[in-house]
Amino acid sequence: MAFVDLFVVALVPVLKTLIITAVGLFLALERVNLLGSTARHHLNNLVFYIFSPALVASSLAETVTSSNIISLWFMPVNILLTFIIGSALGWILVKITRTPIELHGLVISCCAAGNLGNLLLIIIPAVCEEKNSPFGDTVTCSTNGKAYASLSMAIGAVYIWTYIYNIIRASGTQHNTSTVDIENFGEVPELLSESCTKVLPPKDSVQSGMDHEAQLAVPLIGYETTDDQGHVKKIKQHIKIWTQRINFKMLFAPSTIATIVGILIGVSSLLRKLMIGNEAPLYVIDSSASMVGEAAIPAMTLIVGANLLRGLKKSAVGMWVVIGIQVIRYVALPLSGICVVKAAQHFGLVGSDSLYQFVLLLQYALPSAMTIGTITQLFEVGESECSVIMLWNYALASIALTLWTTYYMWILS
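Reading the values: rules and limits
Residues numbered from 1 in each chain as written. Predicted model: local features only at pLDDT ≥ 70, side-chain atom pairs only at ≥ 80, totals over all residues. Heavy atoms only, no water. Helix = DSSP H or I, 4+ residues; strand = E, 2+ residues; numbered from the N terminus. Buried < 20%, exposed > 50% of the residue type's maximum accessible area, 1.4 Å probe, protein only. Contact = heavy atoms within 4.5 Å. Areas by Shrake-Rupley, 256 points an atom, 1.4 Å probe, with all protein chains shown as cover. Core = buried A, V, L, I, M, F, W, Y, C linked by side-chain atoms within 4.5 Å.

**A look at the overall build of the chain**
Piece 1. Helix and strand content of the chain: 17 helices and zero strands.
Piece 2. Expressed as a percentage of its 413 residues, the buried residues of the chain come to 53%.
Piece 3. Within the chain, contacts between residues at least 6 apart in sequence are counted, and of these 85% link residues at least 24 apart.
Piece 4. Per element, the accessible surface of the chain, about 18300 Å² overall, is 65% carbon and sulfur.

This is the structure in structure tokens:
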């Protein structure tokens, strides 16, 4: 297929995303105020508790089976590599630009964590629906693509709320040693992640986490090294500290639970026969969940646009930091992704499914995760800087993402 045809196929879904994002930004303006903070909060609740879990569960249940789930094992590894490579490049960036220490966590997080949920759920089905798509049958492509994107969203959410959360928390602890006040956040944060919004921890758990983080820096003393009971006590203390540092309520958010439910239905032959397929006796449940889940993509995109409005009002971050993040996210990471996926294909770690390889490649070329803004608000560090970074990040995504999507389809077709 000609490169120009592929460019048009790649451009259309990105333009759709930009148009809906622009509508969300317009609705958030003070003169319109249809997507103000209160409206975003309620829409966030619907996406978080209803729309996203329904989309994830129905997509995975319809496509994941006991035979093909084994072939998807490389996706968690691939996403982990995006975080590792991005973190390393982000660390180099903060050293070169001499970024203030309280912003180290923000910069590294923006380089490491991509929007693995929202954009993939929008772009993959849209690419499949184009008449010149190189991925074959439209229905099969859309169904498999939604499953790949849903699994990507769930895995990315786990990494973000274990790794990125603690990086920014470390910066927040250094920047502000006073108690973090998050009472105004409610049950669901104002910003929407690419992987979907997660429940924020209560105030006591955040402060407790900071206290435990401080404890990690203090050597445990008072035990004899030869005393076996003392060693056991030390191990128990370390286990207790690390388990309290990880907020399991955030890890097992609705979308994560929906992922587990969807996979269980898909791999269980009995449940699959009961719920999946037009002839299944409980097909109406899967059909209803799929119908509700269709509202997730436009709702998420509107909220992304509304959240970007804050970046137009403030510019408190250095120009070279912003430029460096864009270079890492749209040049260095995509090139690294080509090397990783091609190497995995060479050694037989991924199958021959071109759509699956396309999703793996695209995970390296996405803009930063919107959840980062939520976490910076939580710890009151780098909030305005994050808004500016996100604004430029998503503005450039219209060009960079289109070009990389086109190139990835070209090398896979």
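**Digging into the environment of Phe-252**
Piece 1. Following the sequence through the fold, Phe-252 ends up in the loop between helix H9 (248-251) and helix H10 (254-267).
Piece 2. Residue Phe-252 is classed as partly exposed on the basis of its relative accessible area of 47%.
Piece 3. Apart from the residues lying within four places of it in its own chain, the contact partners of Phe-252 are Ile-257 and Ile-260.

**Some points on the environment of Gly-86**
Piece 1. Mapped onto the elements of the fold, Gly-86 is located in helix H3 (residues 74-97).
Piece 2. For Gly-86, a relative accessible area of 0% translates into the label buried.
Piece 3. The sequence separation of Gly-86 and Ala-112 amounts to 26 residues, and the corresponding C-alpha distance is 3.9 Å.
Piece 4. With residues up to four places along the chain from it excluded, the contact list for Gly-86 reads Cys-111, Ala-112 and Leu-333.

**As for the nonpolar core**
Piece 1. Membership of the largest hydrophobic core comes to 104 residues, with the highest contact counts inside it found for Met-75, Phe-83, Ile-164, Phe-358, Leu-362 and Ile-372.
Piece 2. By residue number, the principal contributor to this core is helix H6 (residues 138-175), which donates 14 residues.
Piece 3. Discounting residues that sit within four places of it in the chain, Met-75 has contacts with Tyr-148, Leu-151, Ser-152, Ile-155, Tyr-356, Val-359, Leu-360 and Gln-363.

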